[in-house]
Amino acid sequence: MIFSDGKLLPDSRRKAVLDGLETRLNAVRAGPLLKAETVITAVDALGKRLESGEFDILLARFLPTGTGLGDLLPLLRRESLEAKLAAELGPEPFVPRNCPKTKARTLPLGVLFHIAPGNMPGLPVYTALEGLLTGNINLVKLPHGDKGLSLAAFQLLTEQEPRLAPYLYAFDLPSGRRAELEILAELADGLVVWGGDGAIEGARALAGPGCKLIEWGHRLSFAYISDYENKEAEMADLARHIITTGQRLCSSCQVIFLDMEDWAEGESFCREFLPELERAAAKRPGPAGGAAASLSGHTALLERIVDGSAAGERLFQGKGCSVILRPDQELELSPMEGNVLVKLLPQRELMSALRRHKGRLQTAGLVCGPQRREALAELLVKAGVTRVTRARTMSASFPGEAHDGEYPLRRYLRVADTETE
């Protein structure tokens, strides 16, 4: 399906839409600028309707069983959107100091082509929303498996505020349709790409010299535990986080690093943590979840046995989950779905271990005593981590937060200087 001019169209209309798109985009760019207040009012109104349950039946058609938009709904409120604008662009419009006889203004980049992520429901809508807040026209390539959620959201948003229709287009377009992707990239002033190395490389090949490439690549997150005695509640929080996110988000815990050196202590931690993980896994919705988790863990172990990289590691298998103790100190992707890696990483070696993954670090869920928290958080930030949280809030969002250490809205604007005399 295609979303164009506030309407859902069949794929058979794609060529016609693409053929006339440049003319439409230029007409919009030549007209009045889209005001952030227009976007905020529409999104706030739609968010209230979502929270009231008006669209529950519709959402049930598109969302996987047991999932919802709970983390995204708070970000759709007026106060959250205004806080985001203030945090990222300042209380006054983000404008550089004017020079004599010259007026400086911030303007939208113009047209943003979003290659949207599919690892969390609603993210394609959210990336387009950031483009709208900065007054840009947004062309969205929907991820595989979106199931129509984003198209429905765009239609509801433009019905709520018809003035947004010329600023939103979406295409359920396979990555193999290279020629059509090139058309969209050619029309764009900025290409916003979310995903792993393959997606980033593909976007770099699409973006021409006149198109700004804005990368939001995959990041890795971890828990760092320096003291877990009498921390039963935080261990339970960490287990729930691992299970509920499925370890599919950039902010999900992939590795639990322990501030210790003794392998026997690491084994003791794994034995103590596994029951917490099992209790969380038992509440996982759907009967297939535990089977998928077990299969994922066993497959990962078999692959490592075959390639010879499993030497020295210890598997603690639970019901629908597992804890895997490995002898190295590398931050890496776990087998996911409740199969978490555990590694020993004394504080004095933390900097060197994390710096090997510079540019890929995101969230650290820090578990330690209150007297050590400030110093350890400072060390983690200096090593390149962009968020330090409690275990339970590793994947929580809050208004005005940075994204991977940057403010996105600033990347979607440009500055224009005009002589006034």
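Located above this text is the structure these notes cover.
Calculation notes
Residues numbered from 1 in each chain as written. Predicted model: local features only at pLDDT ≥ 70, side-chain atom pairs only at ≥ 80, totals over all residues. Heavy atoms only, no water. Helix = DSSP H or I, 4+ residues; strand = E, 2+ residues; numbered from the N terminus. Buried < 20%, exposed > 50% of the residue type's maximum accessible area, 1.4 Å probe, protein only. Contact = heavy atoms within 4.5 Å. Areas by Shrake-Rupley, 256 points an atom, 1.4 Å probe, with all protein chains shown as cover. Pairing = 2+ DSSP bridges. Axes fitted to C-alpha atoms, helices over the stretch in contact; angles between N-to-C directions. Polar contact = N/O pair within 3.5 Å; in protein donor to acceptor, adjacent residues only side chain to side chain. Salt bridge = Lys/Arg side-chain N within 4 Å of Asp/Glu carboxyl O. Expected span 1.5 Å × (residues − 1). Phe/Tyr/Trp six-rings, centres within 6.5 Å; stacked < 30°, edge-to-face > 60°. Lys NZ or Arg CZ within 6 Å of the ring centre and 35° of its normal.

Report on the overall build of the chain, specifying residues and quantitative values.
For the chain, the count of helices and strands is 14 helices and 16 strands. The buried share of the chain, reckoned over its 421 residues, is 52%. Residue pairs at least 24 apart in sequence account for 74% of intrachain contacts in the chain once pairs closer than 6 positions are excluded. Working note: accessible area of the chain is about 19800 Å², and carbon and sulfur atoms make up 54% of it.

If you had to explain the pairing of strand 4 (residues 111-115) to someone new, which residues and values would you point to?
In terms of residue burial, strand 4 counts as a mostly covered element, since five of its five residues are buried. Note that strand 4 and strand 5 (residues 137-141) share five bridges and pair parallel. If you follow Val 111 over to strand 5, its bridge partner there is Ile 137.

Explain the sheet that holds strand 15 (residues 387-389) to me, using residue names and the numbers behind them.
In a beta sheet, neighbouring strands are held together by backbone hydrogen bonds and run either parallel or antiparallel to one another. The strand order across the open sheet formed by seven strands is 11-12-13-10-9-14-15, and the pairing between neighbours is mixed. Where the open sheet ends on each side, the last strands, each with one partner, are strand 11 (314-318) and strand 15. Each strand axis lies, on average, 20 degrees off the axis of its neighbour in the sheet, ignoring direction. Of the pairings in the sheet, the one linking strand 14 (residues 361-367) to strand 15 comprises three bridges and is parallel in character.

Let's hear about the sheet that holds strand 1 (residues 2-4): which residues, and what values?
If you trace the seven strands from one edge of the open sheet to the other, you get 2-1-6-5-4-7-8, paired in mixed fashion. If you trace the sheet from one side to the other, it starts and ends with strand 2 (7-9) and strand 8 (212-217), each paired once. Going across the sheet, the axis of each strand differs from the next one's by a mean of 20 degrees, ignoring polarity. Here helix 8 (residues 197-206) sits on the sheet in contact with strand 4, strand 7 (190-195) and strand 8, set at roughly 165 degrees to strand 7.

Before we move on, can you summarise the environment of Val 28 with the specific residues and values?
In this structure, Val 28 sits in helix 1 (residues 14-30). Placed 108 residues apart in sequence, Val 28 and Asn 136 show a C-alpha to C-alpha distance of 10.0 Å. Beyond its immediate stretch of four places on either side in the chain, Val 28 contacts Ile 137, Pro 166 and Tyr 167.

Please provide a residue-by-residue account of the pairing of strand 12 (residues 321-326), values included.
Burial within strand 12 is extensive, with six of its six residues counted as buried. Judged from the five bridges that link them, strand 11 and strand 12 form a sheet pairing that is antiparallel. When the bridges of strand 12 are listed, Arg 314 appears paired with Leu 325. Between strand 11 and the antiparallel strand that follows it, strand 12, lie two residues; Gly 320 among them carries a positive phi value of about 75 degrees. The pairing of strand 12 with strand 13 (residues 339-344) spans five bridges and is parallel. Residue pairing for strand 13: Ser 322 is matched across the bridge by Asn 339.

Residue-level account of the side chain of Gln 254, with values.
Within the element layout of this structure, Gln 254 appears in strand 10 (residues 253-258). A distance of 3.0 Å separates a polar atom in the side chain of Gln 254 from the backbone oxygen of Gln 247. With residues near it in sequence (within four places) discarded, Gln 254 still touches Leu 220, Ser 221, Phe 222, Gln 247, Leu 249, Glu 332, Leu 333, Ser 334, Met 336, Val 340 and Leu 341.

Please provide a residue-by-residue account of the pattern of salt bridges, values included.
Scanning the model with the defined rule gives 33 salt bridges in all. Residues Arg 204 and Glu 215 are paired through a salt bridge, measuring 2.9 Å at the closest nitrogen-oxygen approach. With Arg 204 in helix 8 and Glu 215 in strand 8, this residue pair connects regions lying eleven residues apart in the sequence. Classification of Glu 215 by relative accessible area gives partly exposed; the value is 24%. Three or more residues joined by partner-sharing salt bridges are found here, namely Glu 313, Arg 326, Asp 328, Glu 332 and Lys 343.

Any chance you could break down helix 6 (residues 149-160) for me, citing the residues and the numbers?
End to end, helix 6 covers 17 Å across twelve residues, agreeing with the expected 16 Å (1.5 Å per residue, within 8%). Inspection of helix 6 places Leu 149, Ser 150, Leu 151, Ala 152, Phe 154, Leu 156, Leu 157 and Thr 158 among the buried residues, and these make up the whole buried set.

Lay out the packing of aromatic side chains in plain terms, naming residues and giving numbers.
Counted according to the given criterion, the structure contains four aromatic pairs. Pairing Phe 222 with Phe 257 gives two aromatic rings, centres 5.5 Å apart and planes at 70 degrees, and the pair type is edge-to-face. On the criterion of sequence distance, the pair formed by Phe 222 in strand 9 (residues 220-225) and Phe 257 in strand 10 is long-range, its members being 35 residues apart. Using a relative accessible area of 1% as the deciding quantity, one classes Phe 257 as buried. Here the aromatic rings of Phe 269 and Phe 273 are separated by 5.5 Å at their centres, their planes lie at 10 degrees, and the arrangement is stacked. Of this pair, Phe 269 and Phe 273 are both found in helix 10 (residues 263-282), four residues apart, which corresponds to roughly one turn of the helix. In this structure Phe 273 comes out as buried when scored by relative accessible area, which is 2%. The ring of Trp 216 has Arg 411 lying over it, and the distance from NZ or CZ to the ring centre is 4.9 Å.

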